[in-house]
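Examination of the molecular architecture
Residue strings, one per chain:
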Amino acid sequence: MAVDHLDFDSGVVEAARELFSQRLVEGLTAAQFEVMAATEVNQTLSQGDASLLRCREPACYPAVAEALAVGYLVAGKVAVGSKTYDITLELINGRTGKIIGTNRERCDICGVEEAGEKMGLAASALRARLEALTKTPARFIIRSRPPGAAATLDDKSVGPTPLDRELAGGPHKLTLVAPGYDRLDRTFIAVSSVDESLDLELVPLPTKFPFRAAGWIGVITGVALISAGVWAISIDGHEIACAADQRDIFGHCPNVRDSRILGSALIGSGALAAALGGFWLYLGSMSGRGATEAPGPRAGAGVFARGVF
């Protein structure tokens, strides 16, 4: 863990501030925490993103913890008035930025040394708070798109999604299976006493229908039918060849072609075939694009998670 910040009001003199900082680290160490002191924290953060030195909000605590490579942060404040010291310490989950433990000590009519001892006691008491949290199960809400996927958690069937489960802290393995979708396997870590949700999107299985081949066949067939229809309309009313003895006095054969209806039908069918072929070509290009643009290793889903205390 790291001491993220220890703030003082104006009534705390500089020498007392150094004492409180020292007692804080000593109290945390006595509670068997591996502690990164404020001076080391400031040095590490100043070499990276210096803006994290001003972090006082849960939203930026995870970035601070990541930069320091620690699991927990400690933040504190010391106020004094009429020789009465009010000490507040907060234990922060570095993964979520949430405050998971608070300890307050008050030292009435105290000297600096006595108030420093109170600081050490407040720091040591955070250990009991952390141990109590580790025994509290995590609550996980698991949802999938589409819903109703068969879920297996730690090799045990737990029913269809969505699920609301209490889990022991630590790593867990989740498998989701739904007809027509890729099997999804996920490993996640549950943090004791933390409520979280997993929103998982299953990836549809690639279709075996040959969209591109069928599309080109549809387009070519459509063009051929349209061409035949245009030709059929163009010969509508033309004479059908006959023998010389069948011609009239003007030399015309008695029968003429009646192909307008046939031509119209051919053109309509050709337009439909070409449109369907074009649609299949579009689907084929989209499925091919999806296969080439899938991000990262083939995992089967996009994941969104949030934690709430």
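Another point: the packing of aromatic side chains. Counting across every chain of the model gives three aromatic pairs. A centroid spacing of 6.3 Å and a plane angle of 35° characterise the contact between Phe8 and Phe20, whose relative ring orientation is tilted. Here Phe20 lies in helix 1 (residues 14–30) and Phe8 lies in strand 1 (residues 2–8), a separation of twelve residues in the sequence. You'll find Phe8 and Phe20 in the same group, each marked buried. Ring geometry for Phe140 versus Phe188: centroids 4.7 Å apart, planes at 40°, classification tilted.

Attention now moves to the state of the cysteines. Note on terminology: a disulfide is the covalent bond linking the sulfur atoms of two cysteines. For the structure on display, the rule yields three disulfides. Across the disulfide from Cys107 sits Cys110; the S-S distance is 1.6 Å. On the sign convention where negative means left-handed, the S-S torsion of about -90° between Cys107 and Cys110 marks this disulfide as left-handed. Judged on exposure class, the residue Cys107 and its partner Cys110 are both buried. Sequence-ordered numbering of the disulfide-bonded cysteines in the protein chain gives the connectivity 1-2, 3-4, 5-6.

Summed over all chains, the structure comprises twelve salt bridges. Taking the shortest distance from any N to any O, the salt bridge between Arg23 and Glu113 comes out at 3.4 Å. Remark: Glu113 occurs in helix 4 (residues 112–134) and Arg23 occurs in helix 1; sequence separation between them is 90 residues. Assessed through its relative accessible area of 48%, Glu113 is described here as partly exposed. Of the charged contacts in the structure, one is a salt bridge between Arg145 and Glu201, with a shortest N-O distance of 3.4 Å. Linking Arg145 in strand 5 (residues 138–145) with Glu201 in strand 11 (residues 195–202), this pair joins segments that are 56 residues apart in sequence.

Taken together, the side chains of Leu276, Phe279, Tyr282 and Met286 define a hydrophobic patch exposed on the protein surface, amounting to about 390 Å² of accessible area. Assignment of secondary structure puts Phe279 in helix 6 (residues 260–293).

So, about helix 1. Counted at 1.5 Å a residue, the expected span for helix 1 with its 17 residues is 24 Å, and the 25 Å between its end C-alpha atoms agrees. Looking only at helix 1, the buried set comprises Ala16, Leu19, Phe20, Arg23, Leu24, Gly27 and Leu28. For helix 1, the angular spread of buried residues about the axis comes to 160°, placing them on one side. In helix 1, the exposed residues that point more than 90 degrees away from the buried face are Glu14, Ala15 and Glu18. Positive backbone phi, at 70°, marks Gln32, one or two positions downstream of helix 1.

Within the largest apolar cluster, 26 residues are counted, with the highest numbers of intra-cluster contacts made by Phe20, Leu24, Leu28, Val78, Leu89 and Met119. Looking at this core, the elements with two or more residues in it are strand 1, helix 1, strand 2 (72–81), strand 3 (84–93), strand 4 (99–107) and helix 4. Excluding residues that lie within four positions of it along the chain, Val78 makes contacts with Leu6, Asp7, Phe8, Asp9, Val12, Phe20, Tyr85, Asp86, Ile87 and Met119. If you look at the next biggest cluster of nonpolar residues, it comprises 18 residues, including Phe140, Leu174, Ala190 and Leu198.

All right, on to the confidence of the model for the protein chain then. Per-chain confidence: the protein chain averages 83 in pLDDT, with 91% of residues scoring 70 or above. Looking at the elements of the protein chain, mean pLDDT is at its lowest for strand 12 (residues 301–308), recorded as 40, and at its highest for strand 6 (residues 150–153), recorded as 93. Residue range residues 291–309 is modelled with pLDDT below 50. Its contacts to residues more than four positions away, or to other chains, number 43 contacts.

Contact geometry of helix 2 (residues 38–47) with helix 3 (residues 61–68) gives a least axis separation of 10 Å together with a crossing angle of 95°. Considering their axes alone, helix 2 and helix 3 lie roughly perpendicular with respect to each other. On helix 3, the residues that touch Val41, Thr44 and Leu45 of helix 2 are Val64, Ala67 and Leu68. Considering only residue class, the contact of helix 2 with helix 3 consists of five nonpolar, one polar and no charged.

Rules used throughout
Residues numbered from 1 in each chain as written. Predicted model: local features only at pLDDT ≥ 70, side-chain atom pairs only at ≥ 80, totals over all residues. Heavy atoms only, no water. Phe/Tyr/Trp six-rings, centres within 6.5 Å; stacked < 30°, edge-to-face > 60°. Helix = DSSP H or I, 4+ residues; strand = E, 2+ residues; numbered from the N terminus. Buried < 20%, exposed > 50% of the residue type's maximum accessible area, 1.4 Å probe, protein only. Disulfide = S-S within 2.5 Å. Salt bridge = Lys/Arg side-chain N within 4 Å of Asp/Glu carboxyl O. Patch = residues over 30% accessible without salt bridge, like charges linked within 9 Å, V, L, I, M, F, W, Y side chains within 5 Å. Areas by Shrake-Rupley, 256 points an atom, 1.4 Å probe, with all protein chains shown as cover. Expected span 1.5 Å × (residues − 1). Arc of directions from axis to C-beta. Core = buried A, V, L, I, M, F, W, Y, C linked by side-chain atoms within 4.5 Å. Contact = heavy atoms within 4.5 Å. pLDDT = per-residue confidence, 0-100. Axes fitted to C-alpha atoms, helices over the stretch in contact; angles between N-to-C directions. Parallel < 35°, antiparallel > 145°, perpendicular 65-115°, else oblique. Nonpolar A, V, L, I, M, F, W, Y, C, P; charged D, E, K, R; others polar.

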